[in-house]
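# Per-entry structural report
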Amino acid sequence: MDARAIARPDPVVKKIDSPEFRSIFTQELKDLIALFERYNFEIRVAGGAVRDILMNMNPKDVDIATTATPTEMKEIFTKENIRMVNMNGEKHGTITPRINDRENFEITTLRIDAITDGRHAEVIHTTDWLLDANRRDLTINSMFLGFDGTLYDYFYGYEDLQKRRVAFVGDPDMRIREDYLRILRYFRFYGRIAEESNRHDEETLRIITKNAEGLARISGERIWQEWKKILSGNFGIELTEAMINCQLAPHMGLPDAPNVPEFLRVAKQVRSFDPKLQPITVLSALLNTPEDAVNLNMRLKFTVYERELCYFITQNREETATIDELLPFQQLCLQTISSVKLKKEYVLELLKYHGKRELYQQLLDWPIPQFPIKGNVLIANGAPKGPKLGVVLDRLKIIWSNNQYNMTQEQLLEHLPSVLEEINVKKK
């Protein structure tokens, strides 16, 4: 599809002079603008910062696009004795100068994606702003903002933003096949700008479903990075359900038949505790077995905390579902699988999962008492080294907790022989 055939005849939409626009003008940015003017290269604000300013939000980052090539930028900054940092971006056409030794700016040469394989692109530099806008994923991310306040919008992103509509630039099928991660970016930006949870364009969802298998080519880390933002944002639950309806689940590490009713039930309960939900807690509800958690981690490459929380919830949710007293949850906190602090965080998330609000508050307020006996003392009194020592500690902690945590080291040692006998370890 010819970009010029679908582009706005005159890309200049309006002039902006809002507080959010003025907020970006640090002295460093003013110096950078003057520098590019001096060397006769054009620079504009690009992408997300433009979108944020139009939504009356102060942008966190100001990405800049330019007609200067990376080589030309390096020559300018070298000549002006301006330090450049993070040279890894140069292969993508991005140079990062540190202006006045105070502020970094990522400046990227206008480019065309010449060859794409669904994951990466080979780029050619250009001086044509329309062609750079045409390679971007969504219309709301394809706008530029001149530093005089001129809004340049080639593909009607401004109108889409006013309507809170998420649309691909040009042909959605082609845009997605250039980089299948754009499927998830669609859902993430829907959560960012939409005002209703389920006003998707049906044709867009059809094309996403058609390309679902392409997500299998995207690394788990990139998928989880996007999905975590979706779950943490507006309509995260509804958007995940929509993603599953688009047949994305098996390509993202979920079982073929995720437990959507349980997911919706748990999400409602967790949201009642805290609107800022822990993504792993609700995600665990989609998993049918602990083995599903192992498979999901293999696909998405969780952090250690995320992995252990997912395993903990899927392994403990069934046997704790009907428990309505505090003690068993306190005892879970005392298990020696991981550090005590993390274990309590896991148990609190488990209580959120079950919607047990009173028990959650009681456990949150409960200071974990110090267990009065150390592993080396147990070993000196005949306990085995290695994994079985953890089993011995857990059994003694249950005895200790059943006695309201009011036992001395000597009293606990009196129980050691029976515990050792129970786990079939003979005292030497």
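Conventions used here
Residues numbered from 1 in each chain as written. Predicted model: local features only at pLDDT ≥ 70, side-chain atom pairs only at ≥ 80, totals over all residues. Heavy atoms only, no water. Helix = DSSP H or I, 4+ residues; strand = E, 2+ residues; numbered from the N terminus. Rg over C-alpha atoms; globule rule 2.2 N^0.38 Å. Buried < 20%, exposed > 50% of the residue type's maximum accessible area, 1.4 Å probe, protein only. Contact = heavy atoms within 4.5 Å. Areas by Shrake-Rupley, 256 points an atom, 1.4 Å probe, with all protein chains shown as cover. Lys, Arg positive; Asp, Glu negative; His and termini not counted. Charge placed at Lys NZ, Arg CZ, Asp CG, Glu CD. Salt bridge = Lys/Arg side-chain N within 4 Å of Asp/Glu carboxyl O.

### A short note on the overall build of the chain
Helix and strand counts for the chain come out as 23 helices and 11 strands. Compactness check: the chain gives a C-alpha radius of gyration of 28 Å against a globular reference of 22 Å for 428 residues, more than 25% above the reference. Across its three principal directions, the C-alpha atoms of the chain cover 85 × 50 × 40 Å. The buried share of the chain, taken over its 428 residues, is 52%. Residue pairs at least 24 apart in sequence account for 66% of intrachain contacts in the chain once pairs closer than 6 positions are excluded. Summing over all exposed atoms, the chain offers an accessible surface of approximately 21,000 Å²; the carbon and sulfur share of this is 47%. Both charge centroids of the chain, one from 58 positive and one from 62 negative side chains, sit 3 Å from each other.

### Considering the environment of Pro417
With respect to the helices, strands and loops of the structure, Pro417 is situated in helix H23 (residues 416–422). With a relative accessible area of 43%, Pro417 lands in the partly exposed category. Taking the C-alpha atoms as reference points, Pro417 and Ala383, separated by 34 residues in sequence, lie 9.0 Å from one another.

### Some details on the environment of Val50
On the secondary structure map, Val50 appears in helix H4 (residues 48–54). Here Val50 falls in the buried class, since its relative accessible area comes to 1%. Distance in space between the C-alpha atoms of Val50 and Gly157 is 10 Å, their sequence separation being 107 residues. Dropping the residues within four chain positions of it, Val50 is found in contact with Val45, Met143, Phe144, Leu145 and Leu151.

### What about the environment of Ile323?
Examined against the element boundaries, Ile323 turns out to sit in the loop between helix H16 (304–320) and helix H17 (327–333). Along the chain, Ile323 and His354 lie 31 residues apart, while their C-alpha atoms are 9.9 Å from each other. If we skip the residues at most four places from it in the chain, Ile323 touches Pro328, Phe329, Lys356 and Leu359.

### A look at unusual backbone geometry
Positive phi, close to 60 degrees, is recorded for Asn81, a residue that is not glycine. The residue Asn81 is located in the loop between helix H5 (70–79) and strand S4 (84–85) in this model. The phi angle at Asp101 is positive, at roughly 55 degrees, despite the residue not being glycine.

### Notes on the pattern of salt bridges
Proximity of charged atoms lets side chains of opposite charge pair with each other. Within the structure shown, the criterion is met by 29 salt bridges. Its salt-bridge partner being Arg265, residue Glu262 comes within 3.0 Å of it at the nearest N-O pair. Remark: Arg265 and Glu262 occur in helix H13 (residues 260–273); sequence separation between them is 3 residues, near one turn of the helix. On the basis of relative accessibility, which here comes to 18%, the residue Glu262 falls in the buried class. Through salt bridges with shared partners, a single ionic network connects Arg8, Asp153 and Glu159.

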